[in-house]
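# Inside the fold
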Amino acid sequence: MLSGLSLTSGAMLAAAEPMAGGGVLIVAVLLGLILLGAPLFVIIGGLTVACFVAFPEFAAAFDSLEGFTRNFNLIERMVELAEQPTMVAIPFFMIAGAIMSRGAIARRLVDFANAVFGWLPGGLALSTIAACMFFAAISGSSPVTVITIGAIMLPAMVAAGYKENLGVGLITSAGTLGIIIPPSIPMIIYAIFASSAGQSVNIEDLFIAGIGPGILIGLLLAGYCILKGRGVARERFSGSKVAQTFLDGIWSLSLPGFILGGIYLGLFNATEAAAISVVLALVIELLIHKSIKPDELPKILTESAVLMGSILIIICVAFGFSEFMAIKQIPSQIVGWLAEWELTPFTFVLLLNVLLLLVGCLMDIISAIILFVPLIAPIAGQLGFDPVHVGLIFIVNLEIGYLTPPLGLNLFVTTSYFNKSFGMVIRSVAPFLLILASSLMIVTYVPTISLGLGNLKADRDFWVPFPESRVLKPLDDGPAEDELLDDDLLLDPLEAQIDDDGASPTPKQGEDTIQDMMQDPEYRKLMQEMAADGEGDEEPEAEVEPEPEPEPEPAGAETIQDMMKDPEYRKLMREMQQAE
Amino acid sequence: MSDPKGSEAPSLAERLDRQVHAVEGGLVTGALLVMALTYFLTIVYREMRAETSAFDRLFLDLFFGFGTVQEAKDAPEVLARVKNVVTPLILGAFTFGMAILAVRTRERVDLEPGAEPPPVRWGRRLGLAAVSTAVAYGALKVIEVTPARVLCLVALLAMLGPAVVITWRRRALGGLAGAALGGGLMAWFFATKVEQAYLWSAELSSVLLMYVGFIGASMATRERRHIRVDFVRKNVPPRFLNLYNALGGLVTVLFIVFLLVLATQYLSSQMGHGSMLQATGLPEYAVSLPIALALVLMAVRFAGQALADLRGFLRGEVPAPTGPEIH
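Rules and cut-offs
- Residues numbered from 1 in each chain as written.
- Chains lettered and ligands numbered in written order.
- Predicted model: local features only at pLDDT ≥ 70, side-chain atom pairs only at ≥ 80, totals over all residues.
- Heavy atoms only, no water.
- Helix = DSSP H or I, 4+ residues; strand = E, 2+ residues; numbered from the N terminus.
- Buried < 20%, exposed > 50% of the residue type's maximum accessible area, 1.4 Å probe, protein only.
- Contact = heavy atoms within 4.5 Å.
- Areas by Shrake-Rupley, 256 points an atom, 1.4 Å probe, with all protein chains shown as cover.
- Rg over C-alpha atoms; globule rule 2.2 N^0.38 Å.
- Lys, Arg positive; Asp, Glu negative; His and termini not counted.
- Charge placed at Lys NZ, Arg CZ, Asp CG, Glu CD.
- Buried area = accessible area lost by both parts, 1.4 Å probe.
- Salt bridge = Lys/Arg side-chain N within 4 Å of Asp/Glu carboxyl O.
- Polar contact = N/O pair within 3.5 Å; in protein donor to acceptor, adjacent residues only side chain to side chain.
- Nonpolar A, V, L, I, M, F, W, Y, C, P; charged D, E, K, R; others polar.
- Expected span 1.5 Å × (residues − 1).
- Axes fitted to C-alpha atoms, helices over the stretch in contact; angles between N-to-C directions.
- Parallel < 35°, antiparallel > 145°, perpendicular 65-115°, else oblique.
- Left-handed = near helix turned anticlockwise from the far one by under 90°.
- Patch = residues over 30% accessible without salt bridge, like charges linked within 9 Å, V, L, I, M, F, W, Y side chains within 5 Å.
- pLDDT = per-residue confidence, 0-100.
- Phe/Tyr/Trp six-rings, centres within 6.5 Å; stacked < 30°, edge-to-face > 60°.
- Lys NZ or Arg CZ within 6 Å of the ring centre and 35° of its normal.

Glancing now at the overall build of chain A. Each helix and strand in chain A was counted, giving 27 helices and zero strands. Relative to its full complement of 580 residues, chain A shows a buried share of 59%. A sequence separation of at least 24 residues applies to 78% of the contacts in chain A between residues at least 6 apart. Approximately 21400 Å² of chain A is accessible, and the part contributed by carbon and sulfur atoms is 61%.

The structure is reproduced here in structure tokens:
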């Protein structure tokens with residue numbers, strides 16, 4: 001591949017102009033890798049390399065490895081991942097979920113849910129939903145919820161007289177609550193990528209925002225199950241049984257309470273909550289429930305590491321792709337293109353939902369978030385959408401993707417683990433898909449469902465209106481020069497993501513993102529001048545490039561990202577801002 | 001380096017790969033435990049040492065309506081009462097209550113479904129709960145007053161001990177080597193870089209995350225568990241599936257080798273700089289080292305798998321179907 005790049009270098013020496021047939025190259029690489037069944041990280045990585053080759057940022061860049069890394073330094077992006085404190089939350093939540101899933105927690109949750117809801121019409125189905133919701137809050141995974149709760153509840157529902165279709169459809173659908181009810185790993189990944197696209201999202205806010213839609217979907221599913229389960233025999237209500245099962249399951253039930261309560265009350269942030277959940281899960285399952293033994297831990301931890309590894313490497317290469325989109329201002333170009341359609345917030349989210357439903361049919365949820373969030377989040381921001389609300393729209397859409405053929409993961413899980421035909425599972429899920437689609441519409445057009453609880457916490461109005469009907473405008477109205485020295489400028493794109501102390505640095509709608517500012521010609525000129533001043537005599541002076549056609553930078557000159565990471569530069573920026 | 005599915009004895013390369021996999025398992029297990037432990041210790045240490053803990057602030061707001069600590073500072077007697085009486089009392093009572101329930105659960109955990117529980121011995125239950133509460137509080141105090149270096153070394157030994165026993169019993173020499181290697185490095189770090197407090201823990205966790213993530217990616221390669229878009233694969237005739245896998249593997253190897261060249265270049269430039277991470281005092285290249293190491297292993301493993309797939313195709317073998325990958 002490297003020699004291939006060297007061979008093409010001659011064509012690129014002239015100027016940093018798009019390669020002839022660059023679009024074809026990108027499509028060919030993408031399709032080729034997909035058709036060859038390459039792992040996802042290779043597909044995204046190959047796509048990124050193709051993009052940088054076809055549309056290089058700097059001229060004379062492909063005549064050497066050093067020149068290539070000037071355009072595309074993927075390893076540096078990978079290393080920057082270590083600067084993201086929130087990433088640590090992902091393996092922690094995975095471990096806690098894995099530990100709790102191994103234990104006897106599912107049986108305890110089911111017993112309690114049965115005691116509370118079993119006496120209602122459709123009681124066993126309601127218990128299934130409640131158990132799925134609680135289990136989801138512990139495991140954070142949809143397929144694991146389907147398997148664990150389904151293994152207990154599906155036979156019980158069928159034995160109690162529920163139609164098998166209802167049971168299969170319910171288990172498969174209610175399992176998807178795993179990614180909406182926090183903690184949710186897709187939410188963490190959304191926060192990271194939305195923030196890298198300049199729409200700063202606080203993970204704690206996103207977690208709290210997931211509670212409302214989770215409860216809404218649970219209630220809608222429950223309503224359907226009450227209608228369908230009216231004729232089935234049910235248990236008598238017993239207060240003592242409720243108390244008994246509550247006490248038996250208190251530690252299992254309290255874990256989501258500790259995590260969400262702690263975050264909501266501001267006792268700790270999401271990453272700390274994740275670490276605490278690992279310790280609590282170990283204490284509960286090793287010492288109290290005694291359902292796992294210490295010698296089982298290495299297997300659980302290794303399993304979590306493998307899962308983490310398969311996700312992390314995708315995130316790493318996707319940062320390169322996000323960087324390409326930021327450098328080339330792809331979101332602004334799309335906004336410019338969409339502006340011609342005179343999209344309003346209403347029509348935008350309608351199109352967004354259609355797009356994400358299609359994506360959900362064809363793509364794994366993590367991949368979909370990684371690829372589409374950097375593209376869509378800035379556009380949604382332009383239209384006045386809160387990035388947390390957009391996050392929930394993403395998650396609910398992709399939750400539905402777990403149930404839509406041909407690639408809905410939960411469909412395959414139910415088919416293989418419960419030994420049902422694929423067609424039967426799809427037919428069973430169909431009515432639940434309609435319910436989920438209705439809840440998607442509600443979550444989309446009633447932002448309060450997602451944002452209300454967080455607003456209450458922050459002493460703001462509970463009710464959040466749908467964004468005003470403003471028409472999408474192109475993003476290229478650069479900021480005034482005196483607006484450039486913002487706090488955010490002191491950070492590099494990845495650092496500007498999540499304020500782990502809980503203080504949300506979410507920019508107001510309409511503010512420019514860091515990437516936008518970084519693309520601003522005035523800003524870049526200023527940075528280059530500063531870099532040249534700071535280099536002294538040892539390094540060749542960076543040329544100030546006339547816009548709009550930048551000249552090639554001399555070897556040795558730093559990229560803007562390099563400069564922004566320079567401690568001297570940061571110090572200087574802080575001093576300048578304080579002086580202002 | 002795929003797992004042999006047939007009855008053939010594993011080759012030297014396969015046995016070596018298995019040992020490397022076990023070493024990786026030992027390393028990631030230790031790293032994850034250290035990450036969780038140090039993060040937890042940091043939270044406890046910070047809250048125990050804080051002038052006003054998160055719980056103090058919560059109760060100040062809840063019971064006395066002080067929205068900020070600054071407001072509470074204007075009423076020092078209230079602040080002192082919350083800090084010295086209200087918070088310890090509420091947390092103590094809560095822990096005691098939960099401990100009673102924990103003892104109750106432990107007593108009933110071995111009961112068969114529907115079996116009559118034994119008569120409640122309240123004295124024993126309350127006594128055990130009181131002891132548990134005291135132990136929990138004592139542990140928090142120990143974390144507060146013990147220097148981080150000592151506590152981390154003791155905790156590391158406490159984790160390594162059982163790990164050595166378990167791996168030794170199972171004759172899992174690779175795992176033992178991984179635990180010893182990881183444990184040794186961590187012991188060196190705690191002994192030489194850590195002093196009183198935990199300012200380094202977040203940075204250490206981030207560095208360890210790179211090791212966990214990239215070693216995990218390497219392990220995922222061996223287990224063929226990387227996420228794929230596989231709708232084409234599902235439609236490939238079984239006879240050609242091995243060839244298809246081999247081609248995909250070959251492309252993957254090329255891409256990984258490309259990344260490896262970039263990673264090596266980056267690593268050598270970082271080693272040349274000799275700069276250190278701020279909080280941990282570790283060399284900066286400690287962050288990029290696992291990337292290069294994992295890419296080497298991944299390249300070798302993907303190449304081995306591609307070769308095995310190609311051989312399988314030439315022999316006319318059909319690979320076993322795989323189930324859905326659960327995440």
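Broken down by element type, chain B carries 10 helices and zero strands. Secondary structure elements in chain B, listed N-terminal to C-terminal, are α-α-α-α-α-α-α-α-α-α. Against the compact-globule benchmark of 20 Å for 327 residues, chain B has a radius of gyration of 27 Å, which places it well outside the compact range. Considered along the principal axes of its C-alpha atoms, chain B spans approximately 80 × 65 × 40 Å. Relative to its full complement of 327 residues, chain B shows a buried share of 44%. A sequence separation of at least 24 residues applies to 75% of the contacts in chain B between residues at least 6 apart. With the model as given, the accessible surface of chain B reaches about 16600 Å², and the carbon-plus-sulfur share is 67%. Considering chain B, the positive charge centre built from 31 side chains and the negative charge centre built from 25 side chains are found 7 Å apart.

Across the boundary between the two partners, chain B contributes 71 residues, which contact 87 residues of chain A. Taken together, the two surfaces of chain B and chain A that pack against each other cover about 7200 Å², and 76% of this comes from carbon and sulfur. Where chain B packs against chain A, one counts four salt bridges. In this structure, the connection of chain B to chain A is made through 13 residue pairs in polar contact (both at pLDDT 80 or more). Of all elements in the fold, only helix H1 (12-49), helix H2 (54-64), helix H4 (76-108), helix H8 (201-222), helix H9 (238-273) and helix H10 (285-314) of chain B reach the threshold of two or more residues within the side of chain B that touches chain A. Looking at the side of chain B that touches chain A element by element, the count peaks at 14 residues for H9(B). Taken together, the residues of the side of chain B that touches chain A sort by class into 45 nonpolar, 13 polar and 13 charged.

Residues of helix H21 (residues 409-417) of chain A that are buried include every one of A:Leu409, A:Asn410, A:Leu411, A:Val413, A:Thr414 and A:Thr415, and no others. Residues of H21(A) that are buried make contact with helix H9 (142-160), helix H10 (164-174), helix H20 (387-401) and helix H22 (422-445) of chain A.

Quick look at the environment of B:Glu144 now. Residues and elements named next belong to chain B. Within the element layout of this structure, Glu144 appears in helix H5 (residues 122-145). By relative accessible area, which is 14% here, Glu144 ends up buried. When the C-alpha positions of Glu144 and Glu77 are compared, they lie 24 Å apart, and in sequence the two are 67 residues distant. Here Glu144 is in contact with Tyr45, Met48 and Arg49, once residues within four sequence places are set aside. Of the polar contacts made by the side chain of Glu144, one reaches the side chain of Lys141; its length is 2.9 Å.

What follows is about helix H12 (residues 203-228) of chain A. Over its 26 residues, H12(A) extends 37 Å from the first C-alpha to the last, a length consistent with the 38 Å expected when each residue adds 1.5 Å. Of the residues that open H12(A), the one with a side-chain oxygen 3.1 Å from the backbone nitrogen of A:Glu204 is A:Asn202.

Below, the discussion takes up the packing of helix H7 (residues 105-117) of chain A against helix H13 (residues 239-248) of chain A. Residues and elements named next belong to chain A. Their axes nearest at 9 Å, the elements H7 and H13 cross at an angle of 160 degrees. The pairing of H7 with H13 is recorded here as roughly antiparallel in orientation. Two packed elements cross with a definite hand, and for H7 against H13 that hand is left-handed. Contacts between H7 and H13 involve Arg108, Asp111, Phe112, Ala115 and Val116 on the former and, on the latter, Lys241, Val242, Thr245, Phe246 and Asp248. Of the residues that constitute the contact of H7 with H13, the class distribution is five nonpolar, one polar and four charged.

It is worth spelling out the packing of helix H6 (residues 89-102) of chain A against helix H15 (residues 270-288) of chain A at this point. All names here are of chain A. Put simply, H6 and H15 touch, their axes get as near as 8 Å, and they point 25 degrees apart. As judged from the angle between their axes, H6 and H15 are roughly parallel. Crossing handedness for the pair H6 and H15: left-handed. Here Ala89, Phe92, Phe93, Ile95, Ala96, Ile99 and Met100 of H6 come into contact with H15, specifically with Ala270, Thr271, Ala274, Ala275, Ser277, Val278, Ala281, Leu282, Ile284 and Glu285. Within the contact of H6 with H15, the residues separate by chemical class into 14 nonpolar, two polar and one charged.

Let us now look at the environment of A:Ser240. Checked against the element boundaries, A:Ser240 lands in helix H13. For A:Ser240, the side chain forms a polar contact with the side chain of A:Ser238, separated by 3.2 Å.

All names here are of chain B. Residues Leu62, Phe63, Phe64, Val85, Leu89 and Ile90 make up a contiguous nonpolar surface patch of about 560 Å² in total accessible area. When contributions to the nonpolar patch are tallied by element, the ones reaching two or more residues are H2 and H4. Mapped onto the elements, Ile90 comes out in helix H4.

Inspection of every chain in the model, using the stated rule, returns 21 salt bridges over all chains. Sharing partners across several salt bridges, the network here consists of A:Glu76, A:Arg77, A:Glu80 and A:Glu323.

Another aspect to go through is the side chain of B:Ser205. By secondary structure assignment, the location of B:Ser205 is in helix H8. Of the residues examined, B:Ser205 reaches a relative accessible area of 0% and is grouped as buried. With near-sequence residues (within four places) excluded, B:Ser205 lies in contact with A:Val88, B:Met35, B:Thr38 and B:Tyr39.

Residues and elements named next belong to chain A. Relative to the helices and strands, Ser127 resides in helix H8 (residues 123-139). By relative accessible area, which is 1% here, Ser127 ends up buried. A distance of 2.9 Å separates a polar atom in the side chain of Ser127 from a polar atom in the side chain of Asn114. Not counting chain neighbours up to four residues away, the residues in contact with Ser127 comprise Ala113, Asn114, Phe117, Gly118 and Met153.

Before going further, it helps to examine the confidence of the model for chain B. Residue and element names in this part refer to chain B. Across chain B, the average pLDDT comes to 89, with 95% of residues at or above 70. Under a pLDDT of 50 for its full length, residues 1-6 has, in the predicted model, 15 contacts with residues more than four places off or in other chains. Scored as a complex, the prediction yields pTM 0.80 and ipTM 0.90.

There is a patch of like negative charges on the surface, built from A:Asp459, B:Asp61, B:Glu71 and B:Asp74. By the secondary structure assignment, B:Asp74 is in the loop between helix H3 (69-73) and H4.

Attention now goes to the packing of aromatic side chains. Here the structure, examined in full by the defined rule, presents 25 aromatic pairs over all chains. A ring pair is formed by A:Phe41 and B:Phe302, whose centres lie 6.5 Å apart and whose planes are at 50 degrees; its orientation type is tilted. Placement of the pair is A:Phe41 in helix H3 (residues 40-54) and B:Phe302 in helix H10, with the two residues belonging to separate chains. Across the pair, B:Phe302 and A:Phe41 agree in class, each one buried. Joined through ring pairs, the aromatic side chains of A:Phe346, A:Phe348, A:Phe385, A:Tyr445 and A:Phe466 make up one cluster. Between the NZ or CZ atom of B:Arg171 and the centre of the ring of B:Trp168, over which it lies, the distance is 4.9 Å. The ring of B:Phe240 carries the charged tip of B:Arg239 above its face, separated from the ring centre by 5.8 Å.

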